[in-house]
Amino acid sequence: MLQFSGEALAYGDHTVLSGVDFNLRPGERVVLLGRSGAGKSTLLNASYRRLAETHPDIALVPQEHGLVPQLSVFHNVYMGRLDAHGALYNLANLVWPFPAQRRTVASVLETVGLAGFDRKAVESLSGGQKQRTALARAIHRGGRVLIGDEPVSAVDERHAAALVDELATRFETVLLALHDVGLARRVATRLVGIRAGRIVFDLPSAEVSDGDIHDLYRA
Ligand SMILES: Nc1ncnc2c1ncn2[C@@H]1O[C@H](COP(=O)(O)OP(=O)(O)OP(=O)(O)O)[C@@H](O)[C@H]1O
C-alpha cells in the first residue's frame, strides 16, 4: 500500500534520510526507532502524505497533537470525522451538538480514559490528557490505517501499553514512531531502525536483537 524505493527525504536542501527503501503492507504494525532527530517524524509525515493520496481511510496522531486549544474535547474529537457529514450538519453539530454525536464521542473518550472530559476546553488539559484527546480523535476517525508519531509519549507506562493495544485492535495497519523500546517490541510486527540518515535495519520484530537496538541509540 506504500512504497519508497531508494528515495531521499529532505527539507529544502537539507537531506534528512537518504536511500530510503521502505514499504508498508496491509495488516502490518511497523514501529520506527531511532534517536531524537534521526528522522522518524520525517519518514512518518512523508508516509502519511503519500498514503493519504490513495487511502482516504487513514487516521493520524501528529507529534504536536494538532488540536484546537480553544475548543472543547468534544469538538476536537468530533473533528476527526468532519468529512463523514455535510457542511451544514457539521456546523449545526459544532454549535449545538446532536445527542447521538455526544454519545458516540463519549464512548471513545471512555476508551482513552477521558470519560466526562467532553465539555472541557483542550487548553485547560494536561499534556497527557491532550495526547489522549488526539488519540480519541484518531479512534473516532477510524479507518484501516493509523499513523502515530509518539502517540503515547505523555501517558504513564501502564496506560501507554493499554492505549497502544487499543490502537492495534482498532486499526488493521499501524505505523508508529515510539521511543519506548519495550512498547515497540510489544506492538510491532516489524521494527525499523534509523541512524545517521539511513534505515539501518528493517526486520520482523523477533529478528531484531537488543544489540541492534542499542547500536541505534549509542552516542
Ligand atoms: N520542518 C522542518 N524543516 C527543516 N528541518 C526539519 C524540519 N523538521 C525536522 N527537521 C530536521 O530533520 C531532522 C529529523 O527530524 P525528525 O523530526 O524527523 O526526527 P525524529 O527522529 O522524529 O526526532 P524526535 O524523536 O525528536 O521527534 C532533524 O535534524 C530536524 O532538525
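Higher on the page you've got the structure.
If you're wondering where the values come from, they're calculated on a predicted model, not measured in any experiment. Residue numbers run consecutively from 1 along every chain, following the written order of its sequence. Since the coordinates come from a predicted model, pLDDT governs what is reported: local features require at least 70, and pairs of side-chain atoms require 80 or more to be given and counted, while whole-chain, interface and lining totals use all residues. Hydrogens and waters are ignored; side-chain quantities use all the structure's heavy atoms.

Description of the pairing of strand 3 (residues 29-33)
- Think of it in three bands: with a 1.4 Å probe and only protein chains considered, a residue is buried below 20% of the maximum accessible area for its type, exposed above 50%, and partly exposed in between. Secondary structure follows DSSP: runs of H or I at least 4 residues long count as helices, runs of E at least 2 residues long count as strands, and numbering of each begins at the N terminus. Counted residue by residue, strand 3 has 4 buried out of 5 residues, so it is predominantly covered.
- With 4 bridges joining them, strand 3 and strand 6 (residues 173-177) adopt parallel strand pairing. Following the sheet pairing, Val30 is matched in strand 6 by Leu175.
- Here the rule is simple: two strands pair whenever DSSP picks up at least two bridges between them. Relative to strand 7 (residues 190-195), strand 3 runs parallel, the two being bridged by 4 bridges. Of the residues in strand 7, the one forming a bridge with Val31 is Leu191.

Points about a nonpolar patch on the surface
- Any residue with relative accessible area above 30% and no salt bridge may belong to a patch, with like charges joined within 9 Å and the nonpolar Val, Leu, Ile, Met, Phe, Trp and Tyr side chains within 5 Å. All accessible areas in this document rest on Shrake-Rupley with a 1.4 Å probe, and a residue is counted as covered only by the protein chains that are shown. Salt bridges are defined as contacts in which a side-chain nitrogen from Lys or Arg sits within 4 Å of a carboxyl oxygen from Asp or Glu. Residues Leu88, Leu91, Val95 and Trp96 make up a contiguous nonpolar surface patch of roughly 560 Å² in combined accessible area.
- Residue placement: Leu88 occurs in helix 3 (residues 87-95).

Some thoughts on the site of the ligand
- Taken together, Tyr11, His14, Val16, Arg35, Ser36, Gly37, Ala38, Gly39, Lys40, Ser41, Thr42 and Gln63 make up the full set of residues adjacent to the ligand.
- Here a polar contact means two N or O atoms within 3.5 Å. Within protein one must be a hydrogen donor candidate and the other an acceptor candidate, and residues neighboring in sequence count only if both atoms are side-chain atoms. Contacts to the ligand include Gly37, whose backbone N or O atom sits 2.8 Å from an oxygen atom.
- Within the contact set of the ligand, an oxygen atom lies 2.9 Å away from a side-chain nitrogen or oxygen of Gln63.
- About the coverage of the ligand: the protein hides 59% of its 640 Å² of free accessible area.
- Taken together, the elements giving at least two residues each to the shell around the ligand come down to strand 2 (14-24) and helix 1 (40-54).
- Of all the elements, helix 1 adds the most residues to the shell around the ligand, at 3 residues. For this description, a residue counts as near a given molecule or strand if any of its non-hydrogen atoms is within 4 Å of it.

Focus on the packing of aromatic side chains
- Two rings from Phe, Tyr or Trp (for Trp, the six-membered ring) form a pair when their centres are within 6.5 Å of each other. A pair whose planes differ by under 30 degrees is stacked, one over 60 is edge-to-face, and the rest are tilted. Inspection of every chain in the model, using the stated rule, returns 3 aromatic pairs.
- Here, over-ring charges are defined by two tests on the NZ atom of lysine or the CZ atom of arginine: distance to the ring centre within 6 Å, and angle to the ring normal within 35 degrees. A cation sits over an aromatic face here: Arg102 above Phe74, 4.7 Å from the ring centre.
- Directly above the aromatic system of Phe117 lies the positively charged group of Lys120, at a separation of 5.8 Å from the ring centroid.

Things to note about unusual backbone geometry
- Positive phi is not limited to glycine here, since His65 has a value of about 75°.
- Assignment of secondary structure puts His65 in the loop between strand 4 (58-61) and helix 2 (73-78).
- Non-glycine residue Glu150 carries a positive phi angle of around 50°.
- Mapped onto the fold, Glu150 is located in the loop between strand 5 (145-149) and helix 6 (157-170).
- On the basis of relative accessibility, which here comes to 10%, the residue Glu150 falls in the buried class.

As for the pattern of salt bridges
- Scanning the model with the defined rule gives 10 salt bridges in all.
- Glu166 serves as the salt-bridge partner of Arg170, at 2.8 Å between the closest nitrogen and oxygen. Placement of both Arg170 and Glu166 in helix 6 is noted, with a separation of 4 residues, approximately one turn of the helix.
- Take Arg170: its relative accessible area is 39%, and that puts it in the partly exposed class.
- According to the relative accessible area criterion, Glu166 is partly exposed, its value standing at 24%.
- Each of the salt bridges in this network shares a partner with another, and the network as a whole consists of Arg25, Glu28, Arg190 and Asp202.

Side note on the packing of helix 5 (residues 127-141) against helix 6
- Contact pair helix 5 / helix 6: the axes reach a minimum separation of 11 Å and the direction vectors enclose 15°. With respect to each other, helix 5 and helix 6 are oriented roughly parallel. Between helix 5 and helix 6 lies a crossing of left-handed hand. Contact residues: Arg132, Leu135 and Ile139 in helix 5; His159, Leu163, Glu166, Leu167 and Arg170 in helix 6. Each axis is a line fitted through C-alpha atoms, taken for helices only over the stretch in contact, and angles between the N-to-C directions span 0 to 180 degrees. Working rule for angles: under 35 degrees goes down as roughly parallel, over 145 as roughly antiparallel, 65 to 115 as roughly perpendicular, anything else as oblique. Helix crossings are classified by the rotation of the near helix relative to the far one: an anticlockwise turn of less than a right angle makes the crossing left-handed, while a clockwise turn makes it right-handed. By the convention used here, residues are in contact when the closest approach between their heavy atoms is within 4.5 Å.

Focus: the nonpolar core
- Residues enter a nonpolar core if they are buried and are Ala, Val, Leu, Ile, Met, Phe, Trp, Tyr or Cys, with the set joined through side-chain atoms within 4.5 Å. Residues Val31, Leu146, Val152, Leu178 and Leu191 are the most contacted members of the largest nonpolar core, which totals 43 residues.
- Each domain span listed reflects an automatic or database assignment of domains. Composition of this core by domain shows at least three residues from each of domain 1 (1-57 + 143-219) and domain 2 (69-141).
- Leaving out residues up to four positions away in the same chain, Leu146 has contacts with Ala59, Val61, Ala138, Leu167, Phe171, Thr173, Val174, Leu175 and Leu176.
- Core analysis: the second largest hydrophobic core is formed by 22 residues, Leu24, Leu32, Leu51 and Val192 among them.

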